[in-house]
Structure formats: structure tokens, C-alpha cells
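# Examination of the molecular architecture
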Amino acid sequence: MVHTHPNAPPLTAGEAADIARITAVACFRGGVLTTRQKNRIDRIIDGARERADKAAKK
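So, a few notes on the structure that sits alongside this text. Keep in mind the model is a prediction, meaning the values are calculated, not measured.

## So, the overall build of the protein
Secondary structure summary: the protein contains two helices and zero strands in total. When the backbone C-alpha atoms are referred to their principal axes, the protein occupies close to 45 × 20 × 20 Å. In the protein, buried positions account for 17% of the 58 residues. Considering only intrachain contacts with a sequence separation of at least 6, the fraction spanning at least 24 residues in the protein is 43%. Counting only carbon and sulfur atoms, one obtains 57% of the accessible surface of the protein, whose full area is about 4,500 Å². Measuring between centres, the 11 positive side-chain charges of the protein sit 4 Å from its 6 negative side-chain charges.

Put into C-alpha cells, the structure is as follows:
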């Protein structure tokens, strides 16, 4: 698990790699995240948060 920020959920290696890839593509294309890229990152983080909440309830 990758811990990025105290308030953020822990990310798996795959999730962290996906976010890094999306960010790298944005940097390559001018350094600006498009709305679609922001939404993809938000979905990844939301999934990690749901997984962390589910694990905490066990």
C-alpha cells in the first residue's frame, strides 16, 4: 500500500501506477489535466476509499 497523504486512503501499487501514468500523459501534453483525466483519478481514489472503509468495518 502506498500512503500519499494522512487524509487520503492507501493506494495499491496498481492504483498509484495508474495515477502516475495519467499524470505523466498530462505533463507530456502540456502539463494540464483535462476534465476526463481528473475524473479518472477521482474514480481511482474513490475506489481506494471504499476499499479502505470496507476493510475498516471488518
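## Here's the deal with the environment of Leu 33
Relative to the elements of secondary structure, Leu 33 occurs in the loop between helix 1 (13-28) and helix 2 (35-57). Along the backbone, Leu 33 and Pro 10 are 23 residues apart, and their C-alpha atoms lie at a distance of 22 Å. Leave out the neighbours within four places in its chain, and Leu 33 touches Ile 22, Ala 26, Lys 38 and Ile 41.

## Details of the environment of Leu 11
Tracing the backbone shows Leu 11 in the segment before helix 1. Each C-alpha atom, one on Leu 11 and one on Lys 54, is 14 Å from the other, the two residues being 43 residues apart in sequence. Excluding residues within four positions of it along the chain, Leu 11 makes contact with Met 1, Val 2, Thr 4, Ala 16, Ile 19, Ala 48 and Arg 51.

Conventions we followed
Residues numbered from 1 in each chain as written. Predicted model: local features only at pLDDT ≥ 70, side-chain atom pairs only at ≥ 80, totals over all residues. Heavy atoms only, no water. Helix = DSSP H or I, 4+ residues; strand = E, 2+ residues; numbered from the N terminus. Buried < 20%, exposed > 50% of the residue type's maximum accessible area, 1.4 Å probe, protein only. Contact = heavy atoms within 4.5 Å. Areas by Shrake-Rupley, 256 points an atom, 1.4 Å probe, with all protein chains shown as cover. Lys, Arg positive; Asp, Glu negative; His and termini not counted. Charge placed at Lys NZ, Arg CZ, Asp CG, Glu CD.

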